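Structure assessment
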Amino acid sequence: MIDIINIVPIKSPDIDILPYDGSGYLIVHNKLNYNLKVNQLVVDLLNLIDGKKDIQQISSSLSTNSDKEISITNVYEILFKKLGKYHIIENDDYEYVKVGKPDYLKLSITVFKKEWIKPILKCMVPLFSRKLFYPLLLLSFLSIAFMGIINYDFIYDNIIKGSGNLNLPFMAVVSIITIFMHEFGHIAACNHYKVDHGDIGFGFYLLSPVMYADVSNIWKLKKNERIVVNLGGLYIQILMAFAFGILFLVFGKIEFLAIMYMLGIISVLINLNPLFRTDGYWILSDFTGVHNLRDRSNKRVITFFKWMSRKEDFDFTKQNIFLVLYALISMSYIFIFIAILLINDFHSFIYFPVDFIHFIQDWIFNNEKSSIGILDGFIIYALLYFMIFKLLIKNIKKLTVKSRQG
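What this report covers is the structure whose coordinates are included nearby. (Residues numbered from 1 in each chain as written. Predicted model: local features only at pLDDT ≥ 70, side-chain atom pairs only at ≥ 80, totals over all residues. Heavy atoms only, no water.)

Comments concerning the overall build of the chain
- A tally of regular secondary structure across the chain gives 16 helices and six strands.
- By residue count, 39% of the 406 residues in the chain fall in the buried class.
- Contacts spanning at least 24 positions in sequence make up 66% of the contacts within the chain whose residues lie at least 6 apart.
- Summed over its atoms, the accessible surface of the chain is roughly 23,800 Å², and 63% of this surface lies on carbon and sulfur atoms. (Helix = DSSP H or I, 4+ residues; strand = E, 2+ residues; numbered from the N terminus. Buried < 20%, exposed > 50% of the residue type's maximum accessible area, 1.4 Å probe, protein only. Contact = heavy atoms within 4.5 Å. Areas by Shrake-Rupley, 256 points an atom, 1.4 Å probe, with all protein chains shown as cover.)

Some points on the sheet that holds strand β2 (residues 24-29)
- Spatial ordering of the open sheet is given by β1-β2-β3, a layout of three strands whose pairing is antiparallel. Each having just a single partner strand, β1 (15-20) and β3 (34-38) make up the two edges of the open sheet. The sheet shows a mean angle of 25 degrees between the axes of neighbouring strands, taken without regard to direction.
- Taken together, the six bridges between β1 and β2 define a ladder with antiparallel strand orientation. Looking at the pairing, aspartate 16 lines up with valine 28 of β2.
- Relative to β2, helix α2 (residues 40-47) is tilted by about 50 degrees, and along the sheet it contacts β1, β2 and β3. (Pairing = 2+ DSSP bridges. Axes fitted to C-alpha atoms, helices over the stretch in contact; angles between N-to-C directions.)

What about the layout of surface pockets?
- Counted as a void, the second largest pocket has a volume near 200 Å³.
- Considering the residues around the second largest pocket, the lining is formed by Phe128, Ser129, Arg130, Phe133, Tyr134, His192, Tyr193, Lys222, Asn224, Glu225 and Val228.
- The set of elements that each furnish at least two residues to the lining of the second largest pocket consists of α6 (133-150) and α9 (223-251).
- Broken down by element, the residue count for the lining of the second largest pocket peaks at three residues, all from α9.
- Of the residues that constitute the lining of the second largest pocket, the class distribution is five nonpolar, three polar and three charged. (1 Å grid on protein atoms, 1.4 Å probe; cavity = no way out; pocket = protein on both sides within 12 Å on 5 of 7 lines; lining within 4 Å. Points joined across faces, edges and corners; volume = space filled by probe spheres on them. Nonpolar A, V, L, I, M, F, W, Y, C, P; charged D, E, K, R; others polar.)

Some details on helix α3 (residues 55-66)
- Here α3 spans 16 Å end to end across 12 residues, near enough to the 16 Å set by a 1.5 Å rise per residue.
- Within α3, the full set of buried residues consists of Ile55, Ile58, Ser59, Leu62 and Ser63. Here the buried residues of α3 occupy an arc of 130 degrees about the axis, which is enough to place them on one side. Exposed side chains of α3 directed beyond 90 degrees from the buried face belong to Thr64 and Asn65.
- Where α3 starts, the residue carrying a side-chain oxygen 3.2 Å from the main-chain nitrogen of glutamine 56 turns out to be aspartate 54.
- Following α3 by one or two positions, aspartate 67 adopts a phi angle in the positive range, close to 60 degrees. (Expected span 1.5 Å × (residues − 1). Arc of directions from axis to C-beta. Polar contact = N/O pair within 3.5 Å; in protein donor to acceptor, adjacent residues only side chain to side chain.)

Describing the side chain of serine 63
- Note that serine 63 resides in helix α3.
- Residue serine 63 is classed as buried on the basis of its relative accessible area, which comes to 12%.
- Among the polar contacts made by the side chain of serine 63, one reaches the main-chain carbonyl oxygen of serine 59 at a distance of 2.8 Å.
- If we ignore the near neighbours within four places in the chain, the residues touching serine 63 are Lys68, Glu69 and Ile70.

As structure tokens, this is what we get:
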């Protein structure tokens, strides 16, 4: 206790404290890119730091201002252990590490520097005005859904079953362009709200190749603004799909309907799935106000199981119940999906590597056209193989660490 009483904490000059969703606050470290959600007590504590007061003086002032006893030890722990880890309080015990790309994104590379895409954004930013955004989004999606319903038999026979003579190279080019436009949509929304953004890049998430836009600074925005940014990519994608739906009605080409179906219905529904780190995940996180939704839900469900075994207490708040349910649904979704996949077609799963090589050979060398459904199946099996591979590597690393410690 004597060792910490006279310590004078130093607050980083590179932080901003911003209001965050009602009663909360967000501490932003502008150089290291940390975003930390805190409560009023932590903000009051930081406001007392002036580079002159020591821990004892700060503890006394904080206790007086909050009408409850805040011990010197608690103040020290908050400042130098919790905040010091993010260099909100200067602390040489922790390494200065700038937050980079998220861990779940693998083998990522930058494709477009933020300076390169400014000319493209000029025509997109006006689409995010309050008068246009939600009406256009709703109208376009309902129109696409309606066209998909009335043309379902045609879509099933010619696109899903693959009996139609589709121009696959043309569809591939349009799909690639749409993927880029999706990311430009997120960036355009950032520009509309005048918040800084990063680059657009390419990487792998669960073995699936994905484009991503660095919009990490949107935590500075209000909840409804963050939701618009997270919807921005789907918004532009739906508008493009709607345009191809109109082209189909005018010219009757099946490729236009196929693009509308894949990009406006299938891709949108996949992206809205909140159980993976797609747009739907970030929208749910913003809508519920739960920062780090995946990590926090996993921690809460562990605490819940410990409570069931009477090893730990569990606070049954609305947020904690939601986090436990989200974690359980996510785990169940993955388990049931894998179980059904293996039970229904175990043979295809086992022989997937060989079948996929034959598929590539037939498509490239024999010019054989396959249905979209077959390609979707290959993607699913690829993801499953990657999940198994990742799990094996993780367990091998754990065994290696244990053997070294032993």
